[in-house]
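What follows is the residue order along each chain.
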Amino acid sequence: MTSAMDAEATNQARDRPRGRPRSFDPDVALDAAVLVFWEKGYDGTSLTDLTSAMGINRPSLYATYGNKRDLFLRAIDRYAATHGGRAFSALRLESDNRIAVQRFFEASIDCALADGTPRGCLINTVATDAAESDTELRDKLSRMFEQTDAAIARRMAANQTSYDSSSRDPEQLAQMAHSVTHSIMTRARAGASRKDLTEVAASFMSVLFPV
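So, a few notes on the structure that sits alongside this text. Predicted, not measured: the structure shown is a model, and the values here were computed from it.

Focus: the overall build of the protein chain
- Each helix and strand counted, the protein chain has 11 helices and zero strands in total.
- The helix and strand sequence of the protein chain, counted from the amino end, reads α-α-α-α-α-α-α-α-α-α-α.
- Looking at the protein chain residue by residue over its 211 residues, the buried ones come to 41%.
- With the model as given, the accessible surface of the protein chain reaches about 11,900 Å², and the carbon-plus-sulfur share is 49%.

Below, the structure is given as structure tokens:
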């Protein structure tokens, strides 16, 4: 009888949730971390900065996201899935390559100068700087850039019947358009105005799609 009771108690203990339940939304906290890294850069961000913005303590940060570097890698992926995806979404809505790239640049400028977020881009202007001394991060960013180039190229290829794209290599167009957005983000980080960025985009449009 005692053995049976002991076994039942053991099973109940095994089924009982361990520790205190999580009292924060991991995605909301991660969004807060994105903004901190975006504003301060990787080296300029402290654990105190992160825990304060995320509303959690260090044990919770470590238990949910790992160390600071692990959190930064998670923040990069989160940024790519949220802020970073807006420009590409604008591009996909158009069936004419010239208009699609124009919308791509406009959405990139909007993202670079959006109210409530730091200027520039977490990936292009923050992560690339941190990648200088981090081989794994550098490889990660290289893969992300290649994937973005490929995604844009597929969109351009789908529009090949457009009057302005019949003689242009989709992969070349994609790489050039993507590179322009890097320039837009870097200039925005350095303080360029919307007018400045719009003029940069217009200049490249005249090169990419000459009349």
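Resuming the write-up.
Overview of the packing of helix α7 (residues 97–112) against helix α11 (residues 194–208)
- It is the contact of α7 with α11, at a shortest axis distance of 10 Å, that shows an interaxial angle of 160°. When the interaxial angle is binned, α7 and α11 end up roughly antiparallel. You can see that α7 and α11 cross each other, and the crossing is right-handed. Contacts between α7 and α11 involve Arg98, Val101, Gln102, Phe105, Ile109 and Asp110 on the former and, on the latter, Arg194, Leu197, Thr198, Ala201, Met205 and Leu208.

As for the packing of aromatic side chains
- Under the definition given, this model contains five aromatic pairs.
- One aromatic cluster is present, formed by Phe37, Tyr42 and Phe72 through successive ring pairs.
- We note Lys68 situated over the ring of Tyr42; from NZ or CZ to the ring centre the distance is 4.4 Å.

Calculation rules
- Residues numbered from 1 in each chain as written.
- Predicted model: local features only at pLDDT ≥ 70, side-chain atom pairs only at ≥ 80, totals over all residues.
- Heavy atoms only, no water.
- Helix = DSSP H or I, 4+ residues; strand = E, 2+ residues; numbered from the N terminus.
- Buried < 20%, exposed > 50% of the residue type's maximum accessible area, 1.4 Å probe, protein only.
- Areas by Shrake-Rupley, 256 points an atom, 1.4 Å probe, with all protein chains shown as cover.
- Axes fitted to C-alpha atoms, helices over the stretch in contact; angles between N-to-C directions.
- Parallel < 35°, antiparallel > 145°, perpendicular 65-115°, else oblique.
- Left-handed = near helix turned anticlockwise from the far one by under 90°.
- Contact = heavy atoms within 4.5 Å.
- Phe/Tyr/Trp six-rings, centres within 6.5 Å; stacked < 30°, edge-to-face > 60°.
- Lys NZ or Arg CZ within 6 Å of the ring centre and 35° of its normal.

Functional significance is not addressed by these values, which are geometric in nature.
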